Amino acid sequence: MKDARSQRLGKSAERRRRRPRFSALLFLFPVTALLAAAACKGPAPPGGAGVPAAGPASGSAGSIPFPEPDESSWIRPAKDFSSSRYSTLDQIKSDNVANLKLAFTFSTGINKGHEAAPLVVNGTMYIVTPYPNYLYALDLTSPGAPAKWTYKPKTIPSAQGVACCDVVNRGAVYGKGRIYYNTLDDQTVAVDAATGQEVWRTRVGDINHGESITMAPLLVKGKVLVGNSGGEFGVRGWLTALDEDTGKVAWRAWSTGPDKDVLIGSRFKPFYASDRGADLGVSSWPGDMWKIGGGTVWGWISYDPQLNLIYYGTSNPGPWNPDQRPGDNKWTAAIFARDPDDGQAVWAYQWSPHDLFDYDGVNENVLVDLPIGGRTRKTLLRADRDGFLYVLDRETGEIISATPFAYTTTRTGVDLKSGRPIEVAEKTPHVGTTTRGICPAAPGGKDWQPSAFSPRTGLLYIPHNNLCQDEEGVQANYIEGTPYVGANVKMYAGPGGHRGEFTAWDPIAARPVWKIKEKFPAWSGALATAGDVVFYGTMEGWFQAVDARSGKLLWRFKCGSGIIGQPITYRGPDGKQYVAILSGVGGWAGAIVANNLDPRDGTAALGFVNAMGDLPTATTAGGMLYVFALP
């Protein structure tokens, strides 16, 4: 995600809004939004995307406990509270998906990283763009027509200067006739879905502290759940609940600090001993470093209505340099289970105590009921940055299994009795030395890009990375609102020379069933359907459909810019099934293109440019919606 020399912001309001100056974080420089010039280059025949690594699924099963029944809608990025990204629509099947044709397109006019999932409600599609975070409403009864309305929030341009990894936005959520979403400059807005009129807006953070917001909110029981970004700027992470009708703050749970701030009370019963004790969010840090310790909440939230628990992860501690912060550094790189009514923590688990490699804990948690050990268990599936696929009991936080899904040299496993990762000591970075062969690299075995689960196959479909890095620790000095990293990093391709993979994983057998190798990181989300088709995009711009059981490439379409968005499917007003994706390369992985970085500077984008020097020859910047259907 996410050292650079900076100057302290002045005390006056005008000076506090100026963007800090950077060196290594070159991709944070502001650029003027250009009109999207991405045009589709036409369909291409299937073939060449990869080779299945194993046979079909073993017959394992699983069920999605909280599916979203209305297939004419897509009201949140993850489809349902279970975060399954699975649709029961089956008009588009593995035996006819090769006939998919382009139905219509829409240009956003913004050439930045498009990571959002479109929403579909009542015959209207809603699209949130990267900064300046416009919201478009498209009439699906007149596909291809101009937008019904456009909402343009009043945002602070200097927010771009504290956006760690491009000015992305991961989407919106619908509820009660409104579209709720976040802006880069720390505002949450509610917009009338019919008219585009602003209902309310609440500023929940401060860019002058280094805070920004890129995550998609979740609406649960009348509360809009929102978290901050900025772990590389020395901010203190939090999750905040806003009243859906007024935007007023209902509660805020900090990720670090005393138990009263973290909302840890008498109900808190973590499964593992190392997560028990009073005020661990203070005592596991040196001095007052917890006040600038990171643990931001910029990823995904899931919800179990039966247990009445939300599940979400916290990001890396700050700074990256582990020598500066001895201790477990709770509650960074962790997962919380909380009561959405009052925010009280019920259990927590720390994926990466004393995180060494920027292994943020914010990835999606897919809620699945699995037959394990002769009984059905309420589980949570988690493909973590550390390269391990975790199966947790979502009632208690117990680890049922933890198995590598990506190449790793930093850990040999997870001790299931203690819950502690088994670290490889010689891979620990230190000040003044360069540690080589750290795998996965800082973006992890998988970064933010969300997986999908199919109850038909029992498989989890994981878009992920194959990256390693060399790292040197350096002293980081905290200055409010400026980068606070403490590491020099250069990333490169992992074993095999490819930089991405798309893996179908059997969570019961704890093994891959098939795997597709990708030239670049597989940085888009995944979509699974009842037609036994799985969709995802590549950073070159191919939107692809593969067979859910074998991984065979069935169809692909070349779009004008690399794909890092989240595909969705819906039943249109005409009764047909459609599939939609936003194309527009960027994000951390695509910063070299979206921000026109010099490939000769391998340390740019916190070392990601070193691994992506050839991306500008494979794609161009853009911002376009593509929607497909059968003839």
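This text goes with the structure placed above it.
Computed from a prediction, not measured in an experiment: that's the story for all the values here.

Chemist: Just to check I follow, could you spell out the overall build of the protein chain for this structure?
Modeler: A count of helices and strands for the protein chain gives 4 helices and 39 strands. C-alpha extents for the protein chain along the principal axes are approximately 65 × 60 × 50 Å. In the protein chain, buried positions account for 68% of the 631 residues. Total accessible area on the protein chain stands at roughly 19,400 Å², and carbon and sulfur atoms take up 52% of it. Charged side chains of the protein chain number 64 positive and 60 negative; the gap between the two group centres comes to 3 Å.

Chemist: I keep staring at empty space enclosed by the protein and nothing clicks. Help me out?
Modeler: By volume, the second largest cavity is sized at about 90 Å³. Along the walls of the second largest cavity sit R76, P77, A78, D80, F81, S83, A216, P217, L218, G299, W300 and I301, which together make up its complete lining. Among the residues forming the lining of the second largest cavity, the class breakdown is 8 nonpolar, 2 polar and 2 charged.

Chemist: Where do I start with the sheet that holds strand 9 (residues 178–182) in this structure?
Modeler: Two strands in a sheet stick together by hydrogen bonds in their backbones, pointing the same way (parallel) or opposite ways (antiparallel). As summarised here, the arrangement of the 4 strands in space is 8-9-10-11, forming an open sheet in which the pairing is antiparallel. The sheet terminates laterally at strand 8 (173–175) and strand 11 (198–203), the two strands that pair on one side only. Here the strands of the sheet are splayed against their neighbours by 20 degrees on average, with no regard to which way each runs. Sheet topology places strand 8 next to strand 9; 3 bridges connect them, and they run antiparallel. Of the residues in strand 9, the one forming a bridge with V173 is Y180.

Chemist: Looking at this model, I keep getting lost on the state of the cysteines. Mind explaining?
Modeler: Formally, a disulfide is one covalent bond, and it connects the sulfur atom of one cysteine to the sulfur atom of another. Considering all chains together, one arrives at 2 disulfides under this definition. C164 shares a disulfide with C165; S-S distance 2.2 Å. Grouping residues by exposure puts C164 and C165 together as buried. Shown here is the disulfide that connects C439 with C468, its sulfur atoms set 2.1 Å apart. Classification of the bridge connecting C439 and C468 rests on its S-S torsion, roughly 110 degrees, and on that basis the disulfide is right-handed. Remark: C468 occurs in strand 29 (residues 467–473) and C439 occurs in the loop between strand 26 (434–438) and strand 27 (452–454); sequence separation between them is 29 residues.

Chemist: Could you clarify how one ought to interpret the pairing of strand 22 (residues 388–393) in this entry?
Modeler: Along a regular strand, successive side chains alternate from one face of the sheet to the other. For strand 22, the tally of buried residues reaches 6 of 6 residues, placing the bulk of the element in the interior. Summarising the sheet, strand 21 (residues 375–383) and strand 22 pair through 5 bridges and their orientation is antiparallel. In the sheet register, T379 faces strand 22, and the bridge partner there is D393. Hairpin connection between strand 21 and strand 22: a loop of 4 residues separates the two successive antiparallel strands, and G387 in this loop has a positive phi of roughly 90 degrees. Bridge analysis of strand 22 against strand 23 (residues 399–404) gives 5 bridges, and the strand direction is antiparallel. Following the sheet pairing, L389 is matched in strand 23 by T403. The hairpin formed by strand 22 and strand 23 contains 5 residues between the paired strands, and G397 there has a positive phi angle of roughly 90 degrees.

Chemist: Before we go on, may I ask you to explain the layout of surface pockets in this structure?
Modeler: Regions of empty space are outlined by a rolling probe, equal in size to a water molecule, passed over the atoms. Of the pockets and cavities examined, the largest pocket occupies roughly 160 Å³. Contributing to the lining of the largest pocket are H209, E211, G234, V235, R236, W238, R252, W254, K291, I292, Y478 and E480. Residue composition of the lining of the largest pocket, grouped by class: 5 nonpolar, 2 polar and 5 charged.

Chemist: For this particular structure, what's the right way to read the nonpolar core?
Modeler: Most often, soluble globular proteins keep nonpolar side chains buried together rather than apart. Counting residues in hydrophobic clusters, the biggest one holds 54 residues, and the most contacted among them are M125, F535 and L625. With 6 residues, strand 39 (residues 624–629) is the single largest residue contributor to this core.

Chemist: Which parts of the structure should I look at to understand the sheet that holds strand 22?
Modeler: With antiparallel pairing, the 4 strands of this open sheet are ordered in space as 20-21-22-23. Every other strand in the sheet has two partners, leaving strand 20 (366–372) and strand 23 as the edge strands with one partner each. Pairs of neighbouring strands in the sheet enclose a mean axial angle of 30 degrees, with direction left out of account.

Chemist: Hey, could you run me through the pairing of strand 18 (residues 334–338) in this one?
Modeler: With 5 of its 5 residues buried, strand 18 lies for the most part within the structure. Alternating positions in strand 18 separate into two faces, A334, F336 and R338 on one and I335 and A337 on the other, with burial throughout. Across 4 bridges, the pairing between strand 17 (residues 309–313) and strand 18 is antiparallel. Its bridge partner being in strand 18, Y311 is matched across the sheet by A337. Pairing geometry for strand 18 and strand 19 (residues 345–350), over 5 bridges, is antiparallel. Within the sheet, the bridge partner assigned to R338 lies in strand 19 and is A345. Connecting the antiparallel pair strand 18 and strand 19 is a turn made up of 6 residues, with G343 showing a positive phi of about 80 degrees.

Chemist: How should the pattern of salt bridges be read in this particular structure?
Modeler: Two side chains of opposite charge can pair, provided their charged atoms sit close to one another. Under the definition given, this model contains 35 salt bridges. R203 serves as the salt-bridge partner of D185, at 3.7 Å between the closest nitrogen and oxygen. With D185 in the loop between strand 9 and strand 10 (187–192) and R203 in strand 11, the pair connects residues that are 18 residues apart, well separated along the chain. On the basis of relative accessible area, D185 is assigned to the buried category, the value being 0%. Close ionic contact of K446 with E364 constitutes a salt bridge, the shortest N to O distance being 2.8 Å. Taken together, the residues span a long stretch of sequence, with K446 in the loop between strand 26 and strand 27 and E364 in the loop between strand 19 and strand 20 at a distance of 82 residues. Here the salt bridges share partners, and the residues they tie into one network are K176, R178, E244 and D245.

Chemist: So what exactly am I meant to see when it comes to the packing of aromatic side chains here?
Modeler: Here a ring pair, both rings aromatic, is described through the centre-centre distance and the interplanar angle of the planes. This structure, assessed with the given rule, holds 30 aromatic pairs. The interplanar angle of 85 degrees and the centroid separation of 5.1 Å between the aromatic rings of F81 and Y303 together place this pair among those described as edge-to-face. With a gap of 222 residues between them, F81 in the loop between strand 1 (43–44) and strand 2 (86–87) and Y303 in strand 16 (residues 301–304) connect regions that are remote in the sequence. Following the ring pairs from residue to residue traces out a cluster consisting of F271, Y272, Y349, W351, F388 and Y390. For K330, the ring lying beneath its charged end belongs to W331, and the centroid distance is 4.9 Å. Its guanidinium or amino end placed over the ring of F336, R338 lies 4.3 Å from that ring's centre, counting from NZ or CZ.

Chemist: Looking at this structure, how should I read the environment of K515?
Modeler: Relative to the helices and strands, K515 is located in strand 32 (residues 511–518). A relative accessible area of 16% means that K515 is categorised as buried. Considered as a pair, K515 and G551 are 36 residues apart in the sequence and their alpha carbons are 7.1 Å apart. From its side chain, K515 meets the backbone oxygen of F405 in a polar contact 3.5 Å long. Here E501 takes part through its side chain, which lies 3.1 Å from a polar atom of the side chain of K515.

Quick notes on the rules
- Residues numbered from 1 in each chain as written.
- Predicted model: local features only at pLDDT ≥ 70, side-chain atom pairs only at ≥ 80, totals over all residues.
- Heavy atoms only, no water.
- Helix = DSSP H or I, 4+ residues; strand = E, 2+ residues; numbered from the N terminus.
- Buried < 20%, exposed > 50% of the residue type's maximum accessible area, 1.4 Å probe, protein only.
- Areas by Shrake-Rupley, 256 points an atom, 1.4 Å probe, with all protein chains shown as cover.
- Lys, Arg positive; Asp, Glu negative; His and termini not counted.
- Charge placed at Lys NZ, Arg CZ, Asp CG, Glu CD.
- 1 Å grid on protein atoms, 1.4 Å probe; cavity = no way out; pocket = protein on both sides within 12 Å on 5 of 7 lines; lining within 4 Å.
- Points joined across faces, edges and corners; volume = space filled by probe spheres on them.
- Nonpolar A, V, L, I, M, F, W, Y, C, P; charged D, E, K, R; others polar.
- Pairing = 2+ DSSP bridges.
- Axes fitted to C-alpha atoms, helices over the stretch in contact; angles between N-to-C directions.
- Disulfide = S-S within 2.5 Å.
- Core = buried A, V, L, I, M, F, W, Y, C linked by side-chain atoms within 4.5 Å.
- Salt bridge = Lys/Arg side-chain N within 4 Å of Asp/Glu carboxyl O.
- Phe/Tyr/Trp six-rings, centres within 6.5 Å; stacked < 30°, edge-to-face > 60°.
- Lys NZ or Arg CZ within 6 Å of the ring centre and 35° of its normal.
- Polar contact = N/O pair within 3.5 Å; in protein donor to acceptor, adjacent residues only side chain to side chain.

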